Amino acid sequence: MRYIIMGTAGHIDHGKSAIVKALTGTDPDRLKEEKARGITIDLGFAELSWPGGPDVGIVDVPGHERLIKNMLAGAGGLDIVLFVIAADEGIMPQSREHLAICNLLDIQTGLIAVTKSDLVEPDWLELVMEEVRDFVKGSFLEGADIVAVSSKTGENIENLKEKIKGLALGAEPKRSNGMFRLPMDRVFTLKGFGTVVTGTALSGRLNVDDKVEIQPSGIKSRVRGLQSHGKSIRTALAGQRVAVNLQGVEKDDLHRGDVVVLPDRIYPTRSLDAAIELLKGAPEVKNRSQAHLHIGTSESVARIILYDSDAIKGGQKGFCQLRLEFPVTAMSGDRFVIRRLSPVKTIGGGAVLDPHPYRRRKKDGVDDLRVYDQGSVKDKISVKIRKTGAKGMALKLIEGWIDEQKDEINRCIEELKKEGRIILFDNVLLHSDTFNVLGDKILGMLSKYHKENPLEAGMPKEVLRRRLRMENRMFMAVISRIRGAVMTGDLVHLEGFKVALSGADEETKERIVDMLRKGGFRPPFKEEIAKELSRSPREIGDILKILSKEGHVERINDSVYLIRELVDPLLSKVRGFFARKGEMTVAEFRDLLDTSRKYALPFLEYLDTNKVTIRVGEVRKMVKK
């Protein structure tokens, strides 16, 4: 089945709701106030379908100037526009604003209904239709069918239906293989069911029992049930009008503008890099000025940061960042509309290029934005991954970044991998340029570290990772792929690097061993050795680590080292004591080794750490093997 969304557009009281009712038999005015006043206040919905397809969901929008924001909430997901102009009034102010909005949202196709044809003479009707042809020149409706109809008498309604059917069959359907998104336009409760939200499925598919997230709040839920135009369904597809019954969510926690998405793929944002275009005749927009932003069914105040100029005038285009007062949920490729704060009027719109931009410096330029604006899907993905730097980008987040079919995204990623432009690390993609820069940087950092610390076997892994500001999993994956870098335990070093002592260091090493041997169970502390040998504690520490690695000394703690040949006698003395007595005090241990308390305490802690003894209150007991 082909699912298409058609929306009405046009001035107030030009017969939009009446023509929907004539086409479908459904009155889209659902609110009591709408029926009482005879005007559409909020969005209305109906269905027009044919056996075997297509299935056209109709969104009826209000025409009053003060209700444009409600109109915009319904216009975001349209495939076709039924533009309505009354024969007795002709082109009116909201006719112009609605057409401008449809152009800004990049709606590709539609047709025009000249309504209330029964109220005017044939000559007048022909004049109006000629006026309409001139009015739509240069827009997406240029050359579109114009059908004169009367919702009251039914004249030409069947002809209009056939025209709609033809357009629906020829319109490009929404991406059923994309990521599911449903911007909410209504939220309500039903007795016995709970919270229900409705909207147009922009892409993908959703099944009963699927887990979902509500963005931008991040609320998690599960799909209890699905309906489309009052009929229960198991799967909702892109292009359908859908009602989603959500489990465990309160109505007051949801709002028009929230978006139902699949978990862990798309996240809210308060800044958007975008291509912006002002309508001809619109007032100049200066850098850092504010405007109302309408995207999907959401609205926020945005500050416009122009990248390539200090101001743009009516009819001009440019690149900008939109910094938002409230978070929105968007993808690269989404269309938006901007309106002045006061007086409130549509002045322009454009396309989201990057919903999660980095902080741009002036010297960075806008080459990446040009790719996002005009480049192929493959080039867009490549540039975005490069811009994520050392963090990389998870595969599933790419699905939530760009409004494209999953198959196309996967095809582009495979081609980029084959071309060597990106590298896959455990479901995270890193650009090859970033990898090469990281490799050079890591090798340089290791080389410098070895020069500054010639007696250390390598740079601690955590120190290197923190300096690179990398997530641990990505860091480990990158290190394993860099030629010339080797990880040994918790240390990273250059391939082939070995600690090489100078003649002076070899002499110091021998003197340290001699001092520790003479000290016995009263060995000099590291700081005392450093003072005696006129070396820094760090240098002595490095040599002690080498001696420990070679098996000449045993590390008791950072300051105390014991000659290795005394470790076995130490353990033998301790075991002999416990063979005679079940517990041992610090004083008894001190006397056992003929040492002092300042050595007894670190030796006992060493024995505790190595599970030879265990501390119980103020005494030690032997650990039973």
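Computed from a prediction, not measured in an experiment: that's the story for all the values here.

Draft legend 1. Inspection of the domain arrangement of the protein chain at higher detail. The domain boundaries assigned to the protein chain delineate domain 1 (2-170), domain 2 (181-261), domain 3 (268-369), domain 4 (370-427), domain 5 (434-494) and domain 6 (501-624). Spacing between the C-alpha centres of domain 2 and domain 5 amounts to 48 Å.

Draft legend 2. Fine view of unusual backbone geometry. Each neighbour pair has its own omega, and for Gln215 with Pro216 the value is 15°, a cis peptide bond. Relative to the helices and strands, Pro216 is located in the loop between β10 (211-215) and β11 (219-228). Here the residue pair Ser342 and Pro343 is connected by a cis peptide bond, since its omega of -10° sits within 30 degrees of zero. Tracing the backbone shows Pro343 in the loop between β22 (335-339) and β23 (346-354). Of note, the phi angle at Asp594 is positive, near 55°, even though the residue is not glycine. Following the sequence through the fold, Asp594 ends up in the loop between α18 (586-593) and α19 (597-609). Overall, the relative accessible area of 58% leaves Asp594 in the exposed class.

Draft legend 3. Representation of the nonpolar core. If you look at the biggest cluster of nonpolar residues, it comprises 40 residues, and the most contacted ones within it are Ile512, Leu516, Leu562, Phe589, Phe603 and Leu607. Elements that contribute at least two residues to this core include exactly α14 (503-519), α15 (526-533), α16 (537-550), β31 (561-563), α17 (567-580), α18 and α19. The residues touching Leu607, leaving out its near neighbours within four places in the chain, are Leu571, Val574, Phe589, Val612 and Thr613. Core analysis: the next-biggest nonpolar cluster, separate from the first, contains 36 residues, Leu104, Val114, Met129 and Leu141 among them.

Draft legend 4. Examining the sheet that holds strand β33 (residues 613-616) more closely. Ordered by their spatial adjacency, three strands build an open sheet running β32-β34-β33, and the pairing between neighbours is antiparallel. Of all strands in the sheet, those bounded by a partner on one side alone are β32 (583-584) and β33. Looking at chain direction, β32 and strand β34 (residues 619-622) are connected through two bridges and run antiparallel. Counterpart to Met584 in the pairing with β34 is Arg620.

The rules we used
- Residues numbered from 1 in each chain as written.
- Predicted model: local features only at pLDDT ≥ 70, side-chain atom pairs only at ≥ 80, totals over all residues.
- Heavy atoms only, no water.
- Domains from an automatic or database assignment.
- Helix = DSSP H or I, 4+ residues; strand = E, 2+ residues; numbered from the N terminus.
- Buried < 20%, exposed > 50% of the residue type's maximum accessible area, 1.4 Å probe, protein only.
- Core = buried A, V, L, I, M, F, W, Y, C linked by side-chain atoms within 4.5 Å.
- Contact = heavy atoms within 4.5 Å.
- Pairing = 2+ DSSP bridges.

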